[in-house]
Structure formats: C-alpha cells, structure tokens
Amino acid sequence: MTGALLDLAELSVRADVPVERLRHYAEAGLLPPAHRDGDRVGYPPGEASTARMLAGAEGLGLDSGTLTTLAASWRAGDCVSTQQRLAAAITARLGQVQADIAEHNRQAVEAGPGTAGWATTLDGSASLTEEAARLQAVSVALTDATHAGPCGDDCGCTTALVAAGTTYHFPHEPTSGAAALACDLVADGGDTHDRIGVWQQVLTRVEGRDPLPDTPGGVALRFPFDIDLAGTLARLAAAEYRCCSFGSYTLVVDGTGLRLEVRMPGEAAGMLAAVVGLPGTEVRDAADRS
C-alpha cells in the first residue's frame, strides 16, 4: 500500500468528486471496502483516479453494470482493455441517445409546431443533442488516445472523459463518402434552448406551410406582413445558420406577404419537421397552443 489512506473527504478533494457521490459509489460496491491502517480508515490514494473515471463515465449516462465492469478493468491495470470497454459502452450509449433524439423530434411534430408540448419536447431534444455531442467527442478522443500500462491520471481514458462536446454530428453512412452534417452547439453562446422560445412565438403567426418546388427537403412558412416579425425572423434565420450552416434560410417579402423558406439536406429532415413543421401541417388556433 503506497501513501496514507484517504478518508472520504480527502478522497473527494483528491478526485474532485463530491462526497455524496463517493458515498453512493461505496454503497454500490464501485469503491472497495475501506481499509484500516493503524488508526486510519480509508482508501488508497490510487482510488482517486478510479473515482474520477467513474464520475466521468457516469456523467455520460453509462449504467451501473458498465461502471462496475470499467472499475474492475481500471483496477486490473490494463488501460488498453479499459479503453476498449469504455469505447464500446460509449458507442452503445450514443446509439440510444440518437434514437431518443429521433423519437423526441417525432413527438414534437405530433404535438404541433409552437404548442406547449412542442416546446417541452423540442427542449428535451436539444438537451439530448448536447449529450450526444459529448459522447461523440469522447469517442473520438478515445480513438486518438494511446496508452500502454496501467490506468491513471495520464491515460487515454482520463483524457477522453473530459472532452468537450461542442459539435453534434448527424448519423450518416460512412461509406457514402460525404461528411456528416454538423451543428455548432456553442455558436452565439449556445443559445439553442432560448431560440425555442422565440420560435414558439413566431410559429403562432404562421398562416400556412407550403412545399418548395426546388427541393424535397424544405418548407415555406407564410406569415402576415409585419416589420417587427420580419426582423425577428431574420435574426432567427441568422442564428440557425450559425448553428447549422448546412441549411438555407431565405426571407422573402413580396405582394403575398412574408415568407421564410427553409431548405435542409435529407439527413436533417427530422429536425426540420420538428422545428417548423411539414408542408401542409394544419395551422392551429392560438387556444390550442397553450
């Protein structure tokens, strides 16, 4: 045993993990039973890196069974094996989160653009997208990391688990040769959640949704002519473009009134339908949006 034993408070400081979380790990068997060394009862200093890894993996939504497996592999000292297990768990979790995003988008369409249910569901989809981006960033970092020997503070797993997810890449077929569509989640300070509220306000003014003749992946939102509304739509379109630059947003003012034409690649069709609705979508009365 190297170094003096650490009690939970000391382990918390060393690992940068709250005491309550460490207590949960101990109760769940993710930490070994506390040792006694003379008058000291606690944990070996090496458990700090294990606890830090567990907190990072748990923050990615990995289940308790996976955490148990990772902890055992970590303590066994084989970083390559741990990295492989972690990468497999991340891939499985990412698949589930992306399926949840698709389901939330479907529910948003069903709720009706601009309704309270739409706003709640779309906000959940935005949070899931942020989670997926973090999982993708960790996955890439694990792929790039190499480390021989035991796990610890300087191994690839530790480095990967703190990777920041600032960009979400849409699911795509790797053999297509095309790059995945990507959204910059930190554009304009990462105001995705705030924009949902603005979209909800403008969607109450929609008079109709028309297909666009030049693309199957688009919709024209028709509004009454209003200068303030036109300004709001222009700001929304610019913010959406800064986040998702693969889309096209065209504001049209003519004798028919005011239109916002939105065009998206096929991979983003679900997101487009969830946010603004499909062509021909019924325009609900204001009473239905509460």
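## A closer look at the overall build of the protein
In terms of regular secondary structure, the protein is built from 10 helices and 8 strands. Since a compact globule built from 290 residues should have a radius of gyration of about 19 Å, the 24 Å found for the protein marks it as more spread out than a globular shape. With respect to the principal axes defined by its C-alpha atoms, the protein has extents near 85 × 45 × 30 Å. Counting every position in the protein, which comprises 290 residues, the buried fraction comes to 43%. Pairs at least 24 apart in sequence give 65% of the contacts found in the protein among residues at least 6 apart. Carbon and sulfur atoms make up 54% of the accessible area of the protein, which totals about 14100 Å².

## Observations regarding the environment of glycine 208
Summarising the element assignment, glycine 208 is placed in strand 5 (residues 208–210). According to the relative accessible area criterion, glycine 208 is buried, its value standing at 5%. On a C-alpha basis, the gap between glycine 208 and glycine 59 in space is 42 Å, while along the polypeptide they are 149 residues apart.

## Details of the nonpolar core
With 77 residues, the main nonpolar core has Leu62 and Trp199 as its most contacted residues. Sorting elements by how many residues they give to this core places helix 6 (residues 116–144) first, with 11 residues. Filtering out sequence-adjacent residues up to four positions away, tryptophan 199 remains in contact with Trp118, Leu221, Leu236, Glu240, Leu260, Val275 and Val276.

## Re the pairing of strand 7 (residues 248–254)
Bridge analysis of strand 7 against strand 8 (residues 257–263) gives 7 bridges, and the strand direction is antiparallel. Each residue of the ladder has a partner; that of aspartate 254, found in strand 8, is glycine 257. Hairpin remark: strand 7 followed by strand 8, antiparallel, with 2 residues in the connecting loop.

## Considerations on the packing of aromatic side chains
Taken as a whole, this structure holds 2 aromatic pairs when the rule is applied. When the ring of tyrosine 168 is compared with that of phenylalanine 170, the centres are 5.3 Å apart and the planes differ by 55°; the resulting orientation is tilted. With respect to class, tyrosine 168 is no different from phenylalanine 170; both count as buried. Here the aromatic rings of phenylalanine 170 and phenylalanine 246 are separated by 5.5 Å at their centres, their planes lie at 85°, and the arrangement is edge-to-face. Of the two residues, phenylalanine 170 is situated in the loop between strand 3 (167–169) and strand 4 (182–184) and phenylalanine 246 in the loop between helix 9 (227–243) and strand 7; the sequence distance between them amounts to 76 residues. Accessibility classification places phenylalanine 170 together with phenylalanine 246 in one group, the buried group. Counting every residue linked through ring pairs, the aromatic cluster contains Tyr168, Phe170 and Phe246.

Procedures and definitions
Residues numbered from 1 in each chain as written. Predicted model: local features only at pLDDT ≥ 70, side-chain atom pairs only at ≥ 80, totals over all residues. Heavy atoms only, no water. Helix = DSSP H or I, 4+ residues; strand = E, 2+ residues; numbered from the N terminus. Rg over C-alpha atoms; globule rule 2.2 N^0.38 Å. Buried < 20%, exposed > 50% of the residue type's maximum accessible area, 1.4 Å probe, protein only. Contact = heavy atoms within 4.5 Å. Areas by Shrake-Rupley, 256 points an atom, 1.4 Å probe, with all protein chains shown as cover. Core = buried A, V, L, I, M, F, W, Y, C linked by side-chain atoms within 4.5 Å. Pairing = 2+ DSSP bridges. Phe/Tyr/Trp six-rings, centres within 6.5 Å; stacked < 30°, edge-to-face > 60°.

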